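Secondary and tertiary structure notes
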Amino acid sequence: MSVPSVRFELDPAVSPEVRDGICALWADVSNAGGAVGFVPPVTPEDIRPDLVRHLAALAEGRERLLVGRGAGGRIVATAFLTLNRHRMYTHWLWVYTVMVHPALQGRGVGRDLMAAVAGAARSLDGIIGLRLTCRGGTGLRRFYERCGYREIGRAPRAIKLAADDFRDDVTMWLDLA
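About the thresholds
Residues numbered from 1 in each chain as written. Predicted model: local features only at pLDDT ≥ 70, side-chain atom pairs only at ≥ 80, totals over all residues. Heavy atoms only, no water. 1 Å grid on protein atoms, 1.4 Å probe; cavity = no way out; pocket = protein on both sides within 12 Å on 5 of 7 lines; lining within 4 Å. Points joined across faces, edges and corners; volume = space filled by probe spheres on them. Helix = DSSP H or I, 4+ residues; strand = E, 2+ residues; numbered from the N terminus. Nonpolar A, V, L, I, M, F, W, Y, C, P; charged D, E, K, R; others polar. Pairing = 2+ DSSP bridges. Axes fitted to C-alpha atoms, helices over the stretch in contact; angles between N-to-C directions. Contact = heavy atoms within 4.5 Å. Salt bridge = Lys/Arg side-chain N within 4 Å of Asp/Glu carboxyl O. Buried < 20%, exposed > 50% of the residue type's maximum accessible area, 1.4 Å probe, protein only.

As a further point, take the layout of surface pockets. Taken as a whole, the largest pocket spans an internal volume of roughly 890 Å³. Forming the walls of the largest pocket are 37 residues, and the residues nearest its centre are A35, V36, V98, L140 and Y144. Listed by contribution, the elements that provide at least two residues to the lining of the largest pocket are α1 (16-31), α2 (44-59), β4 (92-100), α3 (109-122), β5 (129-135) and α4 (140-146). Sort the elements by how many residues they give to the lining of the largest pocket and β4 lands first, with six residues. The residue makeup of the lining of the largest pocket, split by class, is 20 nonpolar, 11 polar and six charged.

As a further point, take the sheet that holds strand β2 (residues 63-69). Sheets are built from strands paired through backbone hydrogen bonds, the pairs being either parallel or antiparallel. In spatial order, the strands read β1-β2-β3-β4-β5-β7-β6; together these seven strands make up an open sheet with mixed pairing. Strands with a single pairing partner mark the edges of an open sheet, and in this sheet they are β1 (7-10) and β6 (150-162). In this sheet, neighbouring strand axes are inclined to one another by 25° on average, regardless of whether the strands run parallel or antiparallel. Seen against the sheet, α1 touches β2, β3 (75-83) and β4 and runs at an angle of roughly 100° to β3. On the sheet, α3 packs against β1, β2, β3, β4, β5 and β7 (165-175) and is oriented at approximately 155° with respect to β4.

Right, let's talk about the pattern of salt bridges for a bit. Under the defined criterion, the tally for this structure stands at 14 salt bridges. The salt bridge involving R48 is made with E45; its shortest N-O contact spans 3.2 Å. Taken together, the positions of R48 and E45, both in helix α2 and three residues apart, correspond to about one turn of that helix. E45 sits in the exposed class, given a relative accessible area of 53%. Its salt-bridge partner being E151, residue R141 comes within 3.7 Å of it at the nearest N-O pair. Here E151 lies in strand β6 and R141 lies in helix α4, a separation of 10 residues in the sequence. For R141, a relative accessible area of 28% gives the class partly exposed. Residue class for E151 comes out partly exposed when judged on its relative accessible area of 31%.

With an omega of 5°, the peptide bond between P40 and P41 qualifies as cis. With respect to the helices, strands and loops of the structure, P41 is situated in the loop between α1 and α2. Here D11, not a glycine, exhibits a phi torsion of approximately 60°, which is positive. Since its relative accessible area comes to 33%, D11 is described here as partly exposed. If you check the backbone angles, R157 has positive phi at about 55° while not being a glycine. For R157, the position within the fold is in strand β6.

In structure tokens, the structure reads:
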């Protein structure tokens, strides 16, 4: 199996192609069971309000966007890096909405994305760490550990997917310095 070539870009211009590409990716990841804030089935229109909030934060300078483009420039991976506004937390970033297209999972693109996230964070003045959360029961904790993160906290049953399906909210940290 060949490893796809994905080119990562920090802070691309948010054109309609980028906006629609992220929205389509988010729907595809969600519908494949990805832990990115939705329970399937969803449509791009279900996703759009959450994406608009991210885009507003980008426009206000509160977030940075990392996209991965595959063949033909199609958006196949994303992560949002959120700056902290509180003066005691400005030395680290939150990482949100980490996604790799389902067709590319298990082929190294996720690790490449997380390496690009760390590289992007290191390029920002004064950033020494990254923090993210993931849904328990998905294998994501182990994935992030293989990318250098460590579990620093867990809120049991904090995520409710259905009336009888609760998952832990796991907090992970990556030291950059």
